[in-house]
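The primary structure of each chain is shown beneath.
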Amino acid sequence: VDATVYSAVIHPKKKQKVLAGVGNLIRKSDNGGSTWKTVLEGYNIRVLKNSLKYSGKVHSSGLSAHGQLFVAISNDFGDSWEIEIYKDSPSNIQTNDMIITQVDGNETLFLGTNKGVYSLMLSQ
């Protein structure tokens with residue numbers, strides 16, 4: 001990818017598959033970086049993390065166009081995305097880091113932002 005890459009993940013079972021957070025989009029390669037395609041646009045992605053429980057599931061976040069806290073989730077390693085926007089979040093909030101852990105058996109995201117730490121427990 002010929003751009004500033006803020007974060008990248010490799011598929012845990014298919015090492016040729018790579019996702020890269022590149023400014024206002026996520027790019028995907030299915031061949032170890034030889035070619036790339038855009039799989040998500042309109043969100044300034046700063047962090048990508050593989051799920052702890054599910055192979056091919058990816059979580060991402062960064063800065064939304066409206067400055068609201070969001071998480072983008074893909075269950076198929078970037079082929080499709082579900083966007084969760086938190087409308088009650090502080091304005092101009094940006095995720096800079098993410099940790100994924102297990103809390104009470106549920107995958108939980110901790111988002112390090114410019115406005116503090118936020119957590120999101122994912123229902124299974």
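Thresholds applied
- Residues numbered from 1 in each chain as written.
- Predicted model: local features only at pLDDT ≥ 70, side-chain atom pairs only at ≥ 80, totals over all residues.
- Heavy atoms only, no water.
- Helix = DSSP H or I, 4+ residues; strand = E, 2+ residues; numbered from the N terminus.
- Rg over C-alpha atoms; globule rule 2.2 N^0.38 Å.
- Buried < 20%, exposed > 50% of the residue type's maximum accessible area, 1.4 Å probe, protein only.
- Contact = heavy atoms within 4.5 Å.
- Areas by Shrake-Rupley, 256 points an atom, 1.4 Å probe, with all protein chains shown as cover.
- Lys, Arg positive; Asp, Glu negative; His and termini not counted.
- Charge placed at Lys NZ, Arg CZ, Asp CG, Glu CD.
- Pairing = 2+ DSSP bridges.
- Axes fitted to C-alpha atoms, helices over the stretch in contact; angles between N-to-C directions.
- Patch = residues over 30% accessible without salt bridge, like charges linked within 9 Å, V, L, I, M, F, W, Y side chains within 5 Å.
- Salt bridge = Lys/Arg side-chain N within 4 Å of Asp/Glu carboxyl O.

Colleague: I would appreciate a short explanation of the overall build of the chain in the present structure.
Modeller: Of regular secondary structure, the chain possesses zero helices and eleven strands. Compactness check: the chain gives a C-alpha radius of gyration of 14 Å against a globular reference of 14 Å for 124 residues, within 12% of the reference. Judged by the C-alpha coordinates and their principal axes, the chain covers about 40 × 35 × 20 Å. Out of the 124 residues belonging to the chain, those deemed buried represent 43%. The contacts in the chain between residues at least 6 apart in sequence include a share of 35% that link residues at least 24 apart. Of the roughly 6500 Å² of accessible surface on the chain, 47% is carried by carbon and sulfur atoms. One way to put it: in the chain the 13 positive side-chain charges average out to a point 5 Å from where the 11 negative ones average out.

Colleague: Help me understand the sheet that holds strand 1 (residues 7–10), please; the structure alone is not making it clear to me.
Modeller: The strands making up a sheet are joined through hydrogen bonds of the backbone, oriented either antiparallel or parallel. Across the sheet, four strands lie side by side as 1-2-3-4; this open sheet has antiparallel pairing. Of all the strands in the sheet, just strand 1 and strand 4 (37–41) have a single pairing partner and so form its edges. Adjacent strand axes in the sheet meet at a mean angle of 20°, parallel and antiparallel pairs treated alike. Two elements, strand 3 (residues 25–29) and strand 4, share four bridges in a ladder whose sense is antiparallel. Paired with Arg27 across the two strands is Thr38, which belongs to strand 4.

Colleague: Which parts of the structure should I look at to understand the environment of Lys57?
Modeller: Mapped onto the elements of the fold, Lys57 is located in the loop between strand 5 (43–50) and strand 6 (58–64). Classification of Lys57 as buried rests on a relative accessible area of 12%. In sequence terms Lys57 and Ser74 are 17 residues apart; their C-alpha atoms lie 5.5 Å from each other. Every residue in contact with Lys57, bar those within four places of it in the chain, is listed here: Lys49, Asn50, Ser51, Ile73, Ser74, Asn75 and Glu107.

Colleague: Sorry, what's going on with the sheet that holds strand 8 (residues 82–86) here?
Modeller: Sheet architecture is open: four strands sit in the order 5-6-7-8, paired in antiparallel fashion. Single-partner strands in this sheet number two, and they are strand 5 and strand 8. The average undirected angle you get between the axes of adjacent strands in this sheet is 25°. Bridge analysis of strand 6 against strand 7 (residues 69–74) gives three bridges, and the strand direction is antiparallel. Its bridge partner being in strand 7, Ser60 is matched across the sheet by Ala72.

Colleague: So what exactly am I meant to see when it comes to a nonpolar patch on the surface here?
Modeller: Together, Ile99, Phe110 and Val117 make up an exposed nonpolar region whose accessible area comes to about 290 Å². Secondary-structure assignment places Val117 in strand 11 (residues 116–121). The exposure class of Val117 is exposed, given its relative accessible area of 64%.

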